[in-house]
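An overview of the molecular structure
Each chain, letter by letter, is given below.
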Amino acid sequence: MGSDTEAEKSIQKEKKKYAITLAPIAKPLAGKKLQKRTFKLIQKAAGKKCLKRGVKEVVKSIRRNQKGLCVIAGNISPIDVITHLPILCEEHGIPYVYVPSKEDLAQAGATKRPTCCVLVMLKPAKGELAVDELEKLKTDYEQVSEDIKELASTVI
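How each quantity is defined
Residues numbered from 1 in each chain as written. Predicted model: local features only at pLDDT ≥ 70, side-chain atom pairs only at ≥ 80, totals over all residues. Heavy atoms only, no water. Helix = DSSP H or I, 4+ residues; strand = E, 2+ residues; numbered from the N terminus. Expected span 1.5 Å × (residues − 1). Buried < 20%, exposed > 50% of the residue type's maximum accessible area, 1.4 Å probe, protein only. Contact = heavy atoms within 4.5 Å. Core = buried A, V, L, I, M, F, W, Y, C linked by side-chain atoms within 4.5 Å. Pairing = 2+ DSSP bridges. Axes fitted to C-alpha atoms, helices over the stretch in contact; angles between N-to-C directions. Phe/Tyr/Trp six-rings, centres within 6.5 Å; stacked < 30°, edge-to-face > 60°. Polar contact = N/O pair within 3.5 Å; in protein donor to acceptor, adjacent residues only side chain to side chain.

1. Looking at helix 6 (residues 131-155)
In a regular helix each residue adds 1.5 Å, so 25 residues correspond to 36 Å; helix 6 covers 36 Å between its end C-alpha atoms and thus fits that length. Among all positions in helix 6, only L137, D140, Y141, V144, S145 and I148 are buried. Packed against the buried residues of helix 6 are helix 2 (32-47), strand 2 (69-73), strand 3 (96-99) and strand 4 (117-120).

Structure follows, in structure tokens:
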């Protein structure tokens, strides 16, 4: 009577999997639509080698005045690892947004290891992009950037 079928157990596991505890500072948090667009942008940037992954790389790039779009995971523990990032981004005029899951962020960034944050840049680390590839990346980048700035203005 009280036993669950395999299908019910798998559904319960899925619900537990997505029960994410967000950090209290995770604002502005991207909605579903903005998350989807942001993850697509991250996938494109990862394919073109225009992505910095992890707190150390992102902070180093921001301090070297490289412009980009910072995406931070909202379920980081301990939270002290990322508390300085929003302040750093604001000082350098870089738009930033939180997404709920570090696992989803890593998947979009083409890594298996969960990632705290990524910095999407328009210039690759080495070499140059073709003009048409740069234009595609730039239009997606600008669209997501505008959405993030709009979201940030409603939060403040």
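2. Observations regarding the nonpolar core
Soluble, globular proteins show a tendency: their nonpolar side chains are buried together. Ranked by size, the top nonpolar core spans 42 residues in total, and within it I42, C70, I72, I82, L105 and V120 carry the most contacts. Every residue in contact with I82, bar those within four places of it in the chain, is listed here: V55, I72, A73, I76, Y98 and C116.

3. Here we look at the sheet that holds strand 1 (residues 51-53)
One open sheet holds the four strands; their spatial order is 1-4-2-3, and the pairing between them is mixed. Of all the strands in the sheet, the pair left with one neighbour each is strand 1 and strand 3. Across the sheet, the axes of successive neighbouring strands diverge by a mean angle of 20 degrees, strand direction being ignored. When strand 2 meets strand 4, the two strands line up antiparallel, connected through four bridges. Across the sheet, residue C70 finds its bridge partner in strand 4, namely L119. Relative to the sheet, helix 3 (residues 55-63) contacts strand 1, strand 2 and strand 4, its axis offset from that of strand 4 by approximately 40 degrees. On top of the sheet, helix 6 reaches strand 2, strand 3 and strand 4; it is set at about 60 degrees to strand 2, its chief contact.

4. What about the packing of aromatic side chains?
Considering all chains together, one arrives at one aromatic pair under this definition. Measuring from ring centre to ring centre gives 6.3 Å for Y96 and Y98, while their planes differ by 85 degrees; the resulting arrangement is edge-to-face. Of the two residues, Y96 and Y98, both sit in the buried class.

5. Regarding the side chain of S101
Looking at the secondary structure, you find S101 in the loop between strand 3 and helix 5 (102-108). Of the polar contacts made by the side chain of S101, one reaches the side chain of E103; its length is 3.0 Å.

6. A word on unusual backbone geometry
In terms of backbone geometry, most residues other than glycine have negative phi values and most peptide bonds are trans. A cis amide bond links K27 with the next residue in sequence, P28, at an omega value of 5 degrees. By the secondary structure assignment, P28 is in the loop between helix 1 (6-17) and helix 2. Of note, the bond from S77 into P78 is cis; its omega dihedral lies within 30 degrees of zero at -5 degrees. You can see P78 is positioned in the loop between strand 2 and helix 4 (85-91).

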